[in-house]
Amino acid sequence: MAHPEHIRRIRQGSTAWNQWRRERPLLRPDFNHDHCRGCDLADAELSYSNFHQNDLLRANLSHANLLQANLSNASLRKSDLSSANLRGANLIQTDSRGANFSCADLVQANMVGADLTGARLIESNLTAALLVHARLDCALLICANLQGADLTGASLRGADLSCADLRSVNFSGADLRDAVLLGANLKQAQFDDCNLDGAKFSTRYPSIGYLGEASYSNDSSVAVSPRLLLPQGSEG
């Protein structure tokens, strides 16, 4: 369970919390199974904190430092994590529906099974993040960096990945129906066994890596360009 003193301190706000935390550099804050619903924790120093199963509905965590924090199974619905540092954080099976992660640092974050339906991840850095079986339906990933991320079995129906960096992303078994990938960099991306029906791709890129047994629509106005279906190295 959460540490009572940590809960009392965090509810005093970011300024008071940060001062208290600076005096205890080795502290590992514990907010396990408690709730910080609606708390204003903008700019808070929360690295290595334990928020397992915490209720952070509509919390303001913008610009917060959540380096390697444990947010597994937490509720982050409609919370603001814009420009937060979540590098290496544990977000396994979080409820992050409608959350704002725009410009957040999510490098090597573990988001396996997370529900990010309708989340905003515009210009976020998801390099090498684990998003296996995550739900990203209707999420906004415009200009996001997902280089080397693993989205095996993820659902991205209607997601907007326009101009995203998707180099070496693993989309194997993913659902990309009606997703928008216009202007995205798809070099060496893997699409084996995924569903691309109605997905919108830019024709500027000669290859999207490996399609394997991917399913796609024949409607060229909304789907994969025939040029993109050529094996790598055979275009021209």
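Residues numbered from 1 in each chain as written. Predicted model: local features only at pLDDT ≥ 70, side-chain atom pairs only at ≥ 80, totals over all residues. Heavy atoms only, no water.

What follows covers the nonpolar core. Residues Leu46, Phe101, Leu141, Leu146 and Leu156 are the most contacted members of the largest nonpolar core, which totals 68 residues. Ignoring sequence-local partners within four residues, the contact set of Leu146 consists of Leu126, Leu131, Leu141, Leu151, Leu161, Ala164, Asp165, Leu166, Arg167 and Val169. (Core = buried A, V, L, I, M, F, W, Y, C linked by side-chain atoms within 4.5 Å. Buried < 20%, exposed > 50% of the residue type's maximum accessible area, 1.4 Å probe, protein only. Contact = heavy atoms within 4.5 Å.)

With that out of the way, let us pick up the side chain of Ser79. Position of Ser79 relative to the elements: it lies in the loop between α2 (14–22) and β1 (180–181). A polar contact of 2.6 Å, which involves the side chain of Ser79, links it to the backbone oxygen of Leu76. When neighbours within four sequence positions are excluded, Ser79 is seen to be in contact with Leu56, Arg58, Ala59, Ala99 and Asn100. (Helix = DSSP H or I, 4+ residues; strand = E, 2+ residues; numbered from the N terminus. Polar contact = N/O pair within 3.5 Å; in protein donor to acceptor, adjacent residues only side chain to side chain.)

The next thing to look at is the side chain of Ser162. With respect to the helices and strands, the residue Ser162 is situated in the loop between α2 and β1. One polar contact links Ser162 to Asp160, side chain to side chain, over a distance of 2.5 Å. Those residues in contact with Ser162 that sit more than four places away from it in its chain are Leu141, Ile142, Cys143, Val180 and Leu182.

This paragraph deals with the pattern of salt bridges. Considering all chains together, one arrives at twelve salt bridges under this definition. Of the charged contacts, one joins Arg97 and Asp115 as a salt bridge, the two residues approaching to 3.9 Å between their closest N and O atoms. One end of the pair, Arg97, is in the loop between α2 and β1; the other, Asp115, is in the loop between α2 and β1, and 18 residues separate them in sequence. Beyond isolated ion pairs, a larger network of salt bridges with shared partners links Glu5, Arg8 and Arg9. (Salt bridge = Lys/Arg side-chain N within 4 Å of Asp/Glu carboxyl O.)

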